[in-house]
Structures are given as C-alpha cells and as structure tokens.
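# Reading the structure
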Amino acid sequence: MIFSDEAVAAVGTLAKIGVDCSHIVRGGDRLGIYFLENGASVRPSSVIYDRANSAIKHTIPGDINYITEDEVLSLMRSNGSGRIQR
C-alpha cells in the first residue's frame, strides 16, 4: 500500500484543523486519475477516469458511510466534531 506525500499532507492538514480523520479508508496501489479533454467546435469534451488499483476500486459494501443531504447540512451547523447524530 502506497501513501503519497500529497495524501499524507492532506490528511495531516485536515487533522490539524480538527477534522476527525480516523475513518479515512486507504488502499490500492495508486490514486485514481481523472482526465478531461476539452471539446472544440462540434467535437464534444471527453472524460477518462482511470481508477485501476486505486482505493476506490477496492471498496466493498460498508466501507463508505453514505449520509443524506440533511445530515450534511447538520454537519455544517455543528460544533465541528464531524459526528452525525442518528
């Protein structure tokens, strides 16, 4: 499992400002990459999303804790703990 310097720095910054990072799922051999080729004239834009062997490719049911829009709004108004009261 590889942790890039960018990922480590991002998680460190989030933790430093008080974001609970204990539930971050790490895995895969690399970061998923998103390419956008802008269209021109009559040719439309094209998107390629390369996620082979990335962490998102290896997720299983239960890895991601989906929340509702109301829960997101509640988090925005909360004390910053990152916890959802259900």
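Right, let's walk through the structure included here. All of these numbers come straight from a predicted model, not from anything done at the bench.

## Some words on the overall build of the chain
What the chain contains, in helices and strands, is two helices and two strands. Secondary structure of the chain in N-to-C order comes out as α-β-β-α. Burial analysis of the chain (86 residues in total) assigns 6% to the buried set. Expressed as a percentage of contacts within the chain between residues at least 6 apart in sequence, the contacts between residues at least 24 apart total 30%. For the chain, the accessible surface area stands at approximately 7,400 Å², while carbon and sulfur atoms represent 57% of it.

## A few points about helix α1 (residues 5–16)
The first and last C-alpha atoms of α1 sit 16 Å apart over 12 residues, in line with the 16 Å expected at 1.5 Å per residue. Following α1 by one or two positions, G18 adopts a phi angle in the positive range, close to 95°.

## Quick notes on the pattern of salt bridges
For the coordinates displayed, the defined rule picks out one salt bridge. Notably, a salt bridge pairs E37 with R43, separated by 3.6 Å at the nearest N-O pair. Relative accessible area serves as the criterion here: at 46%, E37 is assigned to the partly exposed category.

## Quick look at a nonpolar patch on the surface
There is a patch of nonpolar side chains on the surface, built from Y34, L36, V47, Y49, I56, I64 and Y66 and spanning about 760 Å² of accessible area. If you list the elements that add at least two residues to the nonpolar patch, you get β1 (33–37) and β2 (46–50). The topology assignment puts L36 in strand β1.

## Examining the environment of N65
Its location among the elements puts N65 in the loop between β2 and α2 (69–77). Assessed through its relative accessible area of 55%, N65 is described here as exposed. For the pair N65 and H23, spaced 42 residues apart in sequence, the C-alpha to C-alpha distance is 9.3 Å.

## Here's the deal with unusual backbone geometry
Positioned with a positive phi, S41 is a non-glycine residue whose angle comes to about 55°. The residue S41 is located in the loop between β1 and β2 in this model. According to the relative accessible area criterion, S41 is exposed, its value standing at 82%.

## Remarks on the environment of A52
In this fold, A52 is placed in the loop between β2 and α2. As for A52 and D29, which are separated by 23 residues in sequence, their C-alpha atoms are 8.7 Å apart.

The rules behind each value
Residues numbered from 1 in each chain as written. Predicted model: local features only at pLDDT ≥ 70, side-chain atom pairs only at ≥ 80, totals over all residues. Heavy atoms only, no water. Helix = DSSP H or I, 4+ residues; strand = E, 2+ residues; numbered from the N terminus. Buried < 20%, exposed > 50% of the residue type's maximum accessible area, 1.4 Å probe, protein only. Contact = heavy atoms within 4.5 Å. Areas by Shrake-Rupley, 256 points an atom, 1.4 Å probe, with all protein chains shown as cover. Expected span 1.5 Å × (residues − 1). Salt bridge = Lys/Arg side-chain N within 4 Å of Asp/Glu carboxyl O. Patch = residues over 30% accessible without salt bridge, like charges linked within 9 Å, V, L, I, M, F, W, Y side chains within 5 Å.

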